[in-house]
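# Architecture and fold: a report
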Amino acid sequence: MTESIEEKKVPAKTPATARDEWLKVESLDLDAQGVAHNAEGMVVFIEGALPFEEVQFNVHRRKNNWEQGTVTAIRRESSQRVRPGCPHFGLHTGACGGCKMQHLDAAAQVAVKQRALEDNLWHLGKVRPENVLRPLEGPAWHYRYRARLSVRHVVKKGTVLIGFHERKSRYLADMQVCPVLPKQMSDMLMPLRALIGSMDARETCPQIELACGDAPGTTALGTIALVLRHLQPLSNADIGRLKAFAAQNTGVQWWLQAKGPETVKLLEEGGTPLSYELPEFGVTMPFKPTDFTQVNPHINRALVGKALRLLDVAPEERVIDWFCGLGNFTLPLASRAREVLGIEGSDTLVARASDNFRKNQPATSARRALSPTRFVARNLFEMTPAMLVADGSADKWLVDPPREGAFALAKAMADLHLQPELRTDGWTPPKRIVYVSCNPSTLARDAGLLVHQAGYRCTFAGVINMFPHTAHVESMAVFDL
């Protein structure tokens, strides 16, 4: 709000030059910086400023053709400016850097992300979708069921800090609550700080990884798994303290990590194993706390349903799920298609996905039996036309890559289109591809290949607000022959 601007100071460690010039903010970039032009025509990026506001700012970085600064005063305030929902959000010294858009109305945040997707598709891929999908949205608060929280014993402050880093800093923010975490976890931050502070190992526990599961048979919050990274073996007294904390906090389950992810082990046997539900498809997905699962389970359920409706799989069709992971899309696809092939780069994940498939068979009264499904391991970043043909023709594809995208897959598809002689064994391309992306720039790059070299049309594209209040853009696009 305008009255709080005076409290927002550029940190003393950042040299700043005050400017008396008033600038009109034209747009917002994905780092939640207002974009304006100064009297010299130079682009200015202003933290804390929103589109259509008139602001003054401090300059703390300057290059030949742009400046970067922080808002110091607002003369005309945006109607989209709102009071942040977290006391640790802001531009003040010590502010948490976990969220960047809490001062912007939630609907306007989605509009910014939609614009970013469309801009990336056009400027990087020269692709314009024929139709824009309505954004997928869910709860704006208490949505984050996965998080990696840093831990520091700060001797000078006489306390332990747990949470995210301060904005533009290597220091941890002094977080007492976190409204994007589940409320039970947010309420647990201060007790966790006291717990770590009481331990012999308080100097050698740098991280707690959070993973939440559903309560069995529901989509309500169930098990709260906390993975404690410890650089030295824990004393018996510390083990006792962890067990006592779990006993006092319903649903908490401690896991210990001595070295790499392969060393993660459950502290105490028993309790409810981690899993999440996809009730639309009658599927339960078991997972381990260090497995990749979507941060936002509410949106994940909507995303899987939307992707399958867009894919429009018929009972007689064969589908390939590329970058299948634990089977988040594969198992729901197996409830619709004649046959499904899940392909993933990790042998371990392939084994886990196969196990998840077996655990969801046979049919129950709530669902029909899943169709024949096979999982295989491939290096998906080194795909060739020959490898693609060897996996056989499929009527539809589901592609859900990491941030690096699916360039090799799109390039192999383009090569097969441009060189028909490579299509051996009667191979034919899929009629439709649904591509789920966590990086609009790599989606745009791959879309350019699919549209301009592989013969597809981009018929739909839209954003999924998986991470409200952050600059992260999740999106989905549909390609048809």
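Residue positions are given per chain, counting from 1 as you read along its sequence in written order. Totals for whole chains, interfaces and linings use all residues, but because this is a predicted model, local features are given only for residues with pLDDT of at least 70 and pairs of side-chain atoms are given and counted only at 80 or more. Side-chain numbers come from the whole structure's heavy atoms, not from hydrogens or water.

Right, let's talk about the sheet that holds strand E18 (residues 339-344) for a bit. Either a parallel or an antiparallel arrangement is found when strands of a sheet pair, and the pairing is made through backbone hydrogen bonds. When DSSP finds at least two bridges between two strands, those strands are taken to pair. The numbering of helices and of strands both runs from the N terminus, where a helix is a DSSP run of H or I of at least 4 residues and a strand a run of E of at least 2. Strand order across the open sheet formed by 8 strands is E8-E22-E23-E21-E20-E17-E18-E19, with mixed pairing between neighbours. The outermost strands of the open sheet, each flanked by one partner alone, are strand E8 (131-132) and strand E19 (373-377). Taken together, the 5 bridges between E18 and E19 define a ladder with parallel strand orientation. What sits directly across from Glu-344, in E19, is Ala-377.

This part is about helix H1 (residues 106-125). When the terminal C-alpha atoms of H1 are compared, their 28 Å separation across 20 residues agrees well with the 28 Å that a helix rising 1.5 Å per residue should span. Partly exposed residues are those whose accessible area sits between 20% and 50% of the maximum for their type, while under 20% is buried and over 50% is exposed, using a 1.4 Å probe and protein chains only. Those residues of H1 that fall on the buried side of the exposure criterion are Ala-108, Gln-109, Val-110, Val-112, Lys-113, Gln-114, Ala-116, Leu-117, Asn-120, Leu-121 and Gly-125. Note on contacts: a residue pair is in contact if any heavy atoms of the two residues lie within 4.5 Å. Where H1 is buried, its residues contact strand E3 (27-28), E8, helix H9 (440-452), strand E22 (457-464) and strand E23 (474-480). Between N or O atoms, a polar contact is any pair within 3.5 Å; within protein, one atom must be a potential hydrogen donor and the other a potential acceptor, and residues adjacent in sequence are included only when both atoms are from side chains. Put simply, Asp-105 is the residue that caps the front of H1, since its side-chain oxygen is 3.1 Å from the backbone nitrogen of Ala-107. The positive-phi residue at the C-terminal boundary of H1 is Lys-126, with phi of around 55°. Multiply 1.5 Å by the residue count of a helix minus one, and that product is the helix's expected span.

Formed by 87 residues in total, the largest nonpolar core has its most connected members in Leu-192, Leu-226, Leu-228 and Trp-254. It is helix H4 (residues 297-311) that provides the largest number of residues to this core, a total of 7 residues. Those residues in contact with Leu-228 that sit more than four places away from it in its chain are Ile-196, Met-199, Cys-205, Gln-207, Ile-208, Leu-234, Leu-242, Trp-254, Trp-255, Leu-256 and Gln-257. Residues belong to a common nonpolar core when they are buried Ala, Val, Leu, Ile, Met, Phe, Trp, Tyr or Cys residues joined through side-chain atoms within 4.5 Å. Counting residues in hydrophobic clusters, the runner-up holds 41 residues, among them Trp-427, Ile-433, Tyr-435 and Val-473.

Residue placement: Gly-305 occurs in helix H4. Taking the relative accessible area as the measure of exposure, Gly-305 reaches 0% and is therefore buried. Separated by 231 residues in the primary sequence, Gly-305 and Ile-74 have C-alpha atoms spaced 43 Å apart. Those residues in contact with Gly-305, other than ones at most four positions away along the chain, are Glu-280 and Phe-281.

This part takes up unusual backbone geometry. A positive phi angle is found at Ala-32, which is not glycine, with a value near 60°. Structurally, Ala-32 can be placed in the loop between E3 and strand E4 (33-37). On the basis of relative accessible area, Ala-32 is assigned to the buried category, the value being 5%.

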